[in-house]
Amino acid sequence: MRVGFLGASHLGQVYSAATALRGMQVVVVDTDAALIAELQLAPSVAEPGLTEAWKHTEPLRKCTTNLEALLQCQIVFITKDVPTGDLGKSDLGVIEDLMSQLAHVLEGSGVPVVLMAQVQPGTTRRFAGQYDNLAYQVETLVFGDALHRALNPERHIIGIVRRESDPHSCHRKWLEHFPAEHFVMALESAELAKIAINLFLAASVSTTNSLAELARAVGANWHDIVPTLRADRRIGSHAYLSPGLGLAGGNIERDLASFLQLAVQHDVHATVIESYVRSSEYHRGWVLRQLAAEGHIGSGVIAVLGLAYKPDTASTKNSASLELLQHLGGQSVRVHDPQAQSNSLASSVTRCSTWTDAVTEADAVVVMTAWSNYAEIDVTTLARLMRGRLVLDPFGVLDADAMSANGLNHRVLTRGG
């Protein structure tokens, strides 16, 4: 079986690699010639296991800018990531252009097409008349665990043009390589299902952050409470119960924005969803409030450890770390991250190759990404290199006992301070 992927951003690279690992031939197409040239050698996105998978499956993969190469495929997935603005609003123009171009190339070929990019309800159906067979499939990848989730999906959510029909036989054949429960529904239902998933995640994140803050205020220990929630079947063992700095990564924010936009269009009450947005904005400001309370805004040197929005990914989309750097303005800041890069750092920000370089003579240290590398930091060395005593460690990465033993003012999101 030969499977085509139109769009070679994160989504396309991960799913094409997973498909090749299952023994199928893949054709990866993108209109970006520079990206295609890069993909001849290695993937351009960072995901655990992806580089090894890319090398291992090289004989099964063809990368090209020629859309007509997709005529050689039994099925084509549209896997271009949808760009979003600062407020999370999706720009569907890229996807709509690709769908129009692909419809022209495949006209009369009978090749089934599956849109996998994140779109608003109603988008796929607008193009149904241009294709012999068009479907929508929800992707539920997670940055930092994307390849594993593509290979071992929790379930398949598939939207089809006529609810009483079944997915195309080639689509079903591809799905058989990734065994999981199937949910087949109308196109609009599948498109909305993706938004629904992220809104429920937003509810869990927002509630957890608020409760963890209250726990700190009343002297409770949030870590004591978490096991009682996981034991409740209505909440579950996999619930998002780790406090964080609001929402980040772009996907959940995008779906909040999509819901609010649709709510206005259809006169749907949206106060609850608006509160998730406000909650995220508030909790993202925790580090800044702590620095201000200690007089570290506008003076001294601050070391920021971590640029990625979460560990095990190089993505900085909607990163709380980059937002913090913007608020610090022209202040002297030194940053380190084991993977993530950024071209938008101010001239007052120095990129360091090691964490020790970043923290040397720093008046305050902030751990903004919970990389496992930072859990291995020798706290005695940290205390010796720092000039100040304040260490903001929202996710509790560093050894709390060692921090106390070395006289550092260690603050985390799960206890008072």
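What follows covers helix 4 (residues 93-106). One turn of the α-helix equals 3.6 residues, which is why residues spaced by three or four share an orientation. With 14 residues, helix 4 ought to run about 20 Å at 1.5 Å a step, and its terminal C-alpha atoms sit 20 Å apart, in line with that. Positive backbone phi, approximately 80°, marks Gly108, located one or two places after helix 4.

Turning our eyes to something else, we now look at empty space enclosed by the protein. Summed over all chains, the structure comprises 1 cavity of 30 Å³ or more. Here the largest cavity is characterised by a volume of approximately 100 Å³. Together, 13 residues line the largest cavity, and Tyr15, Val138, Pro153, Arg155 and His156 are the ones closest to its centre. Elements that contribute at least two residues to the lining of the largest cavity include exactly helix 6 (146-151) and strand 7 (155-160). Looking at the lining of the largest cavity element by element, the count peaks at 3 residues for strand 7. Here the lining of the largest cavity is composed, by residue class, of 8 nonpolar, 3 polar and 2 charged.

On to the pairing of strand 9 (residues 302-305). Burial along strand 9 is two-sided: Ile302 and Val304 and Ala303 and Leu305, pointing in opposite directions, are all buried. Sheet topology note: the strand 9/strand 10 (residues 333-336) ladder contains 4 bridges and is parallel. Note on strand 10: the bridge partner recorded for Ile302 is Val333. After leaving strand 9, the chain enters helix 13 (residues 320-327) and then returns to the sheet as strand 10, a path that is right-handed.

A word on the side chain of Arg61. Its place among the elements puts Arg61 in strand 3 (residues 61-64). Buried charge without a partner: Arg61 forms no salt bridge, and the closest opposite charge is Glu58, 6.1 Å away. Here Trp54 takes part through its backbone oxygen, which lies 2.6 Å from a polar atom of the side chain of Arg61. Separated by 2.9 Å, the side chains of Arg61 and Thr57 make a polar contact. Excluding residues within four positions of it along the chain, Arg61 makes contact with Val26, Val28 and Trp54.

What follows concerns unusual backbone geometry. Leaving glycine aside, a negative phi is the common case for residues, and trans is the common case for peptide bonds. Here the phi dihedral of Asp267 falls at roughly 55°; this positive angle occurs in a residue that is not glycine. For Asp267, the position within the fold is in the loop between helix 10 (251-266) and helix 11 (271-284). Residue class for Asp267 comes out exposed when judged on its relative accessible area of 73%. In this structure, Glu361 takes a positive phi of about 60° despite not being glycine. When you line up the elements, Glu361 lands in the loop between helix 14 (355-359) and strand 12 (364-367). With a relative accessible area of 41%, Glu361 lands in the partly exposed category.

So, about the pattern of salt bridges. Per the stated rule, a full pass over the model turns up 12 salt bridges. Taking the shortest distance from any N to any O, the salt bridge between Arg126 and Glu96 comes out at 2.5 Å. Taken together, the residues span a long stretch of sequence, with Arg126 in helix 5 (residues 123-126) and Glu96 in helix 4 at a distance of 30 residues. What makes Glu96 partly exposed here is its relative accessible area of 26%. In the salt-bridge network here, residues are joined through shared partners; they are Arg149, Glu154 and Arg155.

Their axes nearest at 10 Å, the elements helix 8 (residues 187-218) and helix 11 cross at an angle of 50°. Put simply, helix 8 runs oblique to helix 11. In terms of crossing hand, the pair formed by helix 8 and helix 11 is left-handed. Residues Leu199, Ala202, Ala203, Ser206, Asn209, Ser210 and Glu213 of helix 8 form the contact with helix 11, whose participating residues are Ile273, Tyr276, Ser279, Tyr282 and His283. For the contact of helix 8 with helix 11, a count of residues per class yields 6 nonpolar, 5 polar and 1 charged.

Further remarks concern the pairing of strand 2 (residues 25-29). Of all 5 residues in strand 2, 4 are buried, a share of seventy percent or more. Bridge analysis of strand 2 against strand 3 gives 4 bridges, and the strand direction is parallel. When the bridges of strand 3 are listed, Val28 appears paired with Cys63.

Moving on: the sheet that holds strand 12. With respect to topology, 6 strands assemble into an open sheet ordered 11-10-9-12-13-14, the strand pairing being parallel. Pairing within the sheet leaves two strands with one partner each, and these edge strands are strand 11 (349-351) and strand 14 (409-411). The mean inter-strand angle of the sheet, taken between neighbouring strand axes irrespective of direction, is 20°. Note that strand 9 and strand 12 share 4 bridges and pair parallel. Bridging from a neighbouring strand, Ile302 pairs with Ala364 of strand 12. Against the sheet, helix 12 (residues 286-293) touches strand 9, strand 12, strand 13 (390-392) and strand 14, its axis set at about 170° to strand 13.

What counts, and where the lines are drawn
Residues numbered from 1 in each chain as written. Predicted model: local features only at pLDDT ≥ 70, side-chain atom pairs only at ≥ 80, totals over all residues. Heavy atoms only, no water. Helix = DSSP H or I, 4+ residues; strand = E, 2+ residues; numbered from the N terminus. Expected span 1.5 Å × (residues − 1). 1 Å grid on protein atoms, 1.4 Å probe; cavity = no way out; pocket = protein on both sides within 12 Å on 5 of 7 lines; lining within 4 Å. Points joined across faces, edges and corners; volume = space filled by probe spheres on them. Nonpolar A, V, L, I, M, F, W, Y, C, P; charged D, E, K, R; others polar. Buried < 20%, exposed > 50% of the residue type's maximum accessible area, 1.4 Å probe, protein only. Pairing = 2+ DSSP bridges. Right-handed = clockwise from strand over helix to strand, strands pointing away. Lys, Arg positive; Asp, Glu negative; His and termini not counted. Salt bridge = Lys/Arg side-chain N within 4 Å of Asp/Glu carboxyl O. Polar contact = N/O pair within 3.5 Å; in protein donor to acceptor, adjacent residues only side chain to side chain. Contact = heavy atoms within 4.5 Å. Axes fitted to C-alpha atoms, helices over the stretch in contact; angles between N-to-C directions. Parallel < 35°, antiparallel > 145°, perpendicular 65-115°, else oblique. Left-handed = near helix turned anticlockwise from the far one by under 90°.

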